[in-house]
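The primary structure of each chain is shown beneath.
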Amino acid sequence: MISTAVIMSALELGFVYALVALALFLSFRILNIADMTTDGTFTLGCAVSATMAVAGHPLLALPAAMLAGAAAGAVTAALQTKFRIPSILAGIITNTGLYTVNLAVMGFSSNVNMMKTDTLFTLVKPYLGVGYKLIPSLVITVICGVLLVLFLKTRLGLSIRATGDNPDMVRASSINTAFTVTVGLCLSNALTALSGAVLAQYQKTADINLGTGMVIIGLASLIIGETLLPRGKTGLKVLGAILGSILYRFIIAIALRLDLPSECLKLISAVIVALAIGLPAIQGSFKPATKGGNDGC
Amino acid sequence: MLKITNISKTFNPGTVNEKAALTNLSLHLEKGDFVTILGSNGAGKSTLFNAIAGSFTVDSGTIRLDGQNITNMPDYKRSKVIGRMFQDPLKGTAPNMTIEENLALAYMRASSRHSPFSIITKSDRADFRERLAQLGLGLEDRMSNPVGLLSGGQRQALTLLMATLVTPKLLLLDEHTAALDPATAEKVLELTKKIVAENNITCLMITHNVSSALQLGNRTIMMKDGRIVLELDGETRQNMTTDDLLHAFHNQGVDNDRILFSAE
Ligand SMILES: Nc1ncnc2c1ncn2[C@@H]1O[C@H](COP(=O)(O)OP(=O)(O)OP(=O)(O)O)[C@@H](O)[C@H]1O
Ligand SMILES: [Mg+2]
C-alpha cells in the first residue's frame, strides 16, 4: 500500500527536517531553552535560499541561510541575556519581527517560485540518478550531526551543556553564561535555517508560512527519537533525533495515505508533543519520587 | 592578599523589605590565612561571600584581591581566581554530565592554555584520575558516570576538588559540610584541611560548629548584623576554649541554638 516513491520522499523529508530536530536537541535539551525563534528562522532559511537560488547561487545559498539563521539566534540571545527578557518571550519577539524580514527577503511577495531555477538537487542530478534528492539531504544532515557531536565534546561544547545543566556551577567555573547561550542559539538557528534552505530547493518553492508550527514538528521528532533510543551518550541522542524525524515523516505519510486531511497533522503533532513532554510528570505523580537530582527540568 | 574596605550592601532599598545585610565591613587577609567565620542566622555571612564572589556589586566600599580592584568585576571573571563551595551539594556540579566532564569544566579556569575547541586529552584524563584518587572515594574508577548518580558526600568532595583543581587565590567555603551526615562531613572536612594546606590556599570558611571554627585555620571572626563583632587570632585564639567562645557569643548577644548545639 505504501509505494517506493512514498518511502523515498519520507526518507528525503525526514533527513531535511532532521536538521530542525538537531537544532532543538541543542536549544531545548542541552540549553534547556524552548526557542520560539524556530518557526521564523526556518522560513528565513527558505527565503534566503530561494532568493539566492533564483539569483543563480543555489550552493552559496546554504551557508548564507545559515548565517542569516545564526543572526536571528543572536538577536534572541541578546534579548535574553542583555535585556533580561524571559527566553520564551525573547523567541516570540524575534519570530514576530522575522515575518517582515522574511517577506522583505522574498521581495515583499509571499512566495518564490523556483520551477525554472537550478537548485542543489538539479545540479547533482546528472551524477546521482534516482538518489539525487535523498543523497544530498542525507549527506548534509549526517555531516551536521557528526559535527554537532564533535562540537559538544570540546571545551566550548561542554560549557554549553553545563549552562543548561547547572548555570550556577558554570559561572563558578569562570564561564560567561551569556556567551554560551549566545553560541548555542546561533548554532541551533543556523541548523534550523539550513533545514529551511534545503527544503525550499527540494520542493522548488518558498512560502512565507512554511515555518509555521515547525518548533512543534521538530520537538515531536526529537521526542520520537528519544523514545526509540532512550539512553546513551550524545552521539546516540543525535542519531535518535535524526531517526525520530524520519519516523515522523513516515507517520505523516501513513496519515495522508489513510486520507486524513492534511489540516489535521498539526493537531496530531501538538498532541504527540504535549503527551511526550507531559508523560513523565503524569507518571511521576502516581509514584513517590525516590530519585533526586536528575529530574530538575 | 584580600583587602575588603568598608563595604556595605542593602537589599531592596526604599521598600518595606529594606535590609542592611552588610554595614561598613572591613577585612584584611594575608596570603595563606585560613579564617573561620561564625555568626547567627542572617548575620550576613553568605552575603559577604556573595559580595566577594561578585554575585552582586556592593553599594559602597572596595574589594581588592592580590592588589587588583575587583569591586566591579563580573562574577564569572572573578571565579577564575576564586573557588567557591555551597552548603547544597547539588549546586556545585552538573548532574547530567560525567565526573570527567565536570572536572574538564573546572579545569577551564586555566583556560589561557586551551582553545575553546580543544577536547579532553589522555593526559588530562590521567591527571583527573590521579587527583580523584587522592580523595580516597574510589571515584577514579567511575569517571564516565554522570555526577547525578553520586551521593551528597561524594558530590561535595568532587566539588571541593573542582574548586581547587586549578589552585585558586581564594577559596570560599559556605557551610560546605552542613548538609552531610557526621561521618561524611568529617571526611570532607579532612580533605578540605589537606588540600588547603598542601596548596597553601587562602581560605574563608563559614561554619556553625564552634569547635571546628577554633581547630581549623589560624583566625576566627564572628559576625552579627552585617558587621564583624569579634576577631580572634594568635595566642588569644590558641588559648580559647569552646566554652570561652560561647561566652563571647553571649556577651555579643549572638545567641543561637544551632551554634550552642553544635558545640556539644
Ligand atoms: N538577595 C537577597 N535579597 C534580599 N535579602 C537578602 C538577600 N540575600 C540575603 N538577604 C538578607 O540578608 C541577611 C543576611 O543573609 P545571609 O544569607 O548573609 O545570612 P547568613 O549569615 O549566611 O545566615 P545563615 O547562617 O542562615 O546562612 C538576611 O536577613 C537575608 O534575609
Ligand atoms: Mg548563609
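Residues numbered from 1 in each chain as written. Chains lettered and ligands numbered in written order. Predicted model: local features only at pLDDT ≥ 70, side-chain atom pairs only at ≥ 80, totals over all residues. Heavy atoms only, no water.

A few words now on the overall build of chain B. If you tally the helices and strands in chain B, you get 10 helices and 10 strands. By the compact-globule yardstick of 18 Å for 264 residues, chain B fits well, its C-alpha radius of gyration being 19 Å. With respect to the principal axes defined by its C-alpha atoms, chain B has extents near 55 × 40 × 35 Å. Taken over 264 residues, chain B has a buried fraction of 50%. For chain B, the exposed surface amounts to about 11800 Å²; the carbon and sulfur share of it is 47%. Between the mean site of the 28 positive side-chain charges and the mean site of the 29 negative ones, chain B shows a separation of 8 Å. (Helix = DSSP H or I, 4+ residues; strand = E, 2+ residues; numbered from the N terminus. Rg over C-alpha atoms; globule rule 2.2 N^0.38 Å. Buried < 20%, exposed > 50% of the residue type's maximum accessible area, 1.4 Å probe, protein only. Areas by Shrake-Rupley, 256 points an atom, 1.4 Å probe, with all protein chains shown as cover. Lys, Arg positive; Asp, Glu negative; His and termini not counted. Charge placed at Lys NZ, Arg CZ, Asp CG, Glu CD.)

Here the focus is the sheet that holds strand 7 (residues 170-174) of chain B. Residues and elements named next belong to chain B. Overall, mixed pairing links the six strands, which are arranged 6-7-8-3-9-10 in an open sheet. Sheet topology places strand 6 (82-85) and strand 10 (227-233) at the edges, where each strand pairs with a single neighbour. Each strand of the sheet is rotated relative to its neighbour by a mean of 15 degrees, with strand direction disregarded. In this sheet, strand 9 (residues 219-224) lies alongside strand 3 (residues 34-39) in parallel orientation, the contact comprising five bridges. Residue Leu38 lies in a different strand from strand 9, and its bridge partner there is Met222. (Pairing = 2+ DSSP bridges. Axes fitted to C-alpha atoms, helices over the stretch in contact; angles between N-to-C directions.)

Let us now look at the domain arrangement of chain B. All names here are of chain B. Under the domain assignment, chain B is made up of domain 1 (1-81 + 170-181 + 201-264) and domain 2 (91-167). Computed from C-alpha coordinates alone, the two centres of domain 1 and domain 2 are separated by 28 Å. Of the residues lining the interface, six residues belong to domain 1; the matching set on domain 2 comes to eight residues. Counting the surface lost from both domain 1 and domain 2, the interface buries some 620 Å², and carbon and sulfur atoms represent 67% of this. (Domains from an automatic or database assignment. Contact = heavy atoms within 4.5 Å. Buried area = accessible area lost by both parts, 1.4 Å probe.)

Tallied over the entire structure, the rule returns 12 salt bridges over all chains. The partner of Asp124 of chain B in a salt bridge is Arg155 of chain A, and the shortest N-O contact between them spans 2.9 Å. With Asp124 of chain B in helix 4 (residues 122-135) and Arg155 of chain A in helix 7 (residues 155-165), the pair connects residues from two separate chains. Salt-bridge contacts for Glu231 of chain B lead to Arg219 of chain B; the nearest nitrogen and oxygen are separated by 3.2 Å. Here Glu231 of chain B, found in strand 10, pairs with Arg219 of chain B, found in strand 9; they are 12 residues apart in sequence, far enough to count as distant. For Glu231 of chain B, a relative accessible area of 46% gives the class partly exposed. Judged by its relative accessible area of 11%, Arg219 of chain B falls in the buried class. Several salt bridges share partner residues, and in doing so they unite Asp168 and Arg171 of chain A together with Asp75 of chain B into one network. (Salt bridge = Lys/Arg side-chain N within 4 Å of Asp/Glu carboxyl O.)

So, on to the interface of chain B and chain A. In this assembly, 29 residues from chain B lie in contact with 21 residues from chain A. Taking both sides of the interface into account, the surface hidden between chain B and chain A amounts to around 2400 Å²; carbon and sulfur atoms contribute 57%. Considering only the side of chain B, the residues that lose the most area to chain A are Tyr76, Leu105 and Met108 of chain B, jointly responsible for 24% of the buried surface there. Connecting chain B to chain A are three salt bridges. Counting across the chain B and chain A interface gives 13 residue pairs in polar contact (both at pLDDT 80 or more). Elements represented by at least two residues in the side of chain B that touches chain A include exactly helix 2 (75-78) and helix 3 (99-107) of chain B. Among the residues making up the side of chain B that touches chain A, the classes are represented as 14 nonpolar, nine polar and six charged. (Polar contact = N/O pair within 3.5 Å; in protein donor to acceptor, adjacent residues only side chain to side chain. Nonpolar A, V, L, I, M, F, W, Y, C, P; charged D, E, K, R; others polar.)

All names here are of chain A. On the surface, Tyr127, Leu128, Ile135, Leu138, Val139, Val142, Ile143, Val146, Leu147 and Leu150 cluster together into a nonpolar patch covering about 890 Å² of accessible area. When contributions to the nonpolar patch are tallied by element, the ones reaching two or more residues are helix 5 (120-128) and helix 6 (134-153). With eight residues, helix 6 is the single largest residue contributor to the nonpolar patch. Summarising the element assignment, Val142 is placed in helix 6. Taking relative accessible area as the criterion, Val142 reaches 37% and is therefore assigned partly exposed. (Patch = residues over 30% accessible without salt bridge, like charges linked within 9 Å, V, L, I, M, F, W, Y side chains within 5 Å.)

Attention shifts here to the confidence of the model for chain B. Looking at chain B as a whole, its pLDDT mean stands at 89, while 94% of the residues score no less than 70. Across the interfaces of the predicted complex, the ipTM metric reaches 0.85, alongside a pTM of 0.88. (pLDDT = per-residue confidence, 0-100.)

Take the packing of aromatic side chains next. Aromatic ring pairs are defined here through the distance separating the ring centres and the angle between the ring planes. One pass over the full model with this rule turns up five aromatic pairs over all chains. For the pair Phe151 of chain A and Phe117 of chain B, a centre-to-centre distance of 6.4 Å together with 50 degrees between the ring planes defines the contact as tilted. Taken as a pair, Phe151 of chain A in helix 6 and Phe117 of chain B in the loop between helix 3 and helix 4 lie in two separate chains rather than in one. Their ring planes at 85 degrees and their centres at 5.5 Å tell us that Phe11 of chain B and Phe56 of chain B sit as a pair that is edge-to-face. Of the two residues, Phe11 of chain B sits in strand 1 (residues 2-11) while Phe56 of chain B sits in the loop between helix 1 (45-53) and strand 4 (60-65), which places them 45 residues apart along the sequence. Its end group placed over the ring of Tyr202 of chain A, Lys133 of chain A keeps NZ or CZ at 4.6 Å from the ring centre. (Phe/Tyr/Trp six-rings, centres within 6.5 Å; stacked < 30°, edge-to-face > 60°. Lys NZ or Arg CZ within 6 Å of the ring centre and 35° of its normal.)

As a further point, take the sheet that holds strand 2 (residues 19-29) of chain B. Hydrogen bonds between backbone atoms are what pair the strands of a sheet, whose relative direction is either parallel or antiparallel. All names here are of chain B. The strand order 2-1-4-5 describes an open sheet built from four strands, whose pairing is antiparallel. Sheet topology places strand 2 and strand 5 (68-69) at the edges, where each strand pairs with a single neighbour. Against the sheet, helix 1 touches strand 1, strand 2 and strand 4, its axis set at about 115 degrees to strand 1.

Three or four residues apart is the spacing at which side chains of an α-helix point the same way, because the helix has 3.6 residues per turn. Residue and element names in this part refer to chain B. Burial of helix 1 is extensive: seven of the nine residues sit out of reach of the surface. Of the positions making up helix 1, those classed as buried are Lys45, Thr47, Leu48, Phe49, Ala51, Ile52 and Ala53. In the segment just after helix 1, Gly54 is the residue with positive phi, at about 90 degrees.

What follows covers the side chain of Gln154 of chain B. Residue and element names in this part refer to chain B. The topology assignment puts Gln154 in helix 5 (residues 152-165). A polar contact is formed between the side chain of Gln154 and the backbone nitrogen of Ser151, at a distance of 2.9 Å. Apart from the residues lying within four places of it in its own chain, the contact partners of Gln154 are Leu137, Leu139 and Arg142.

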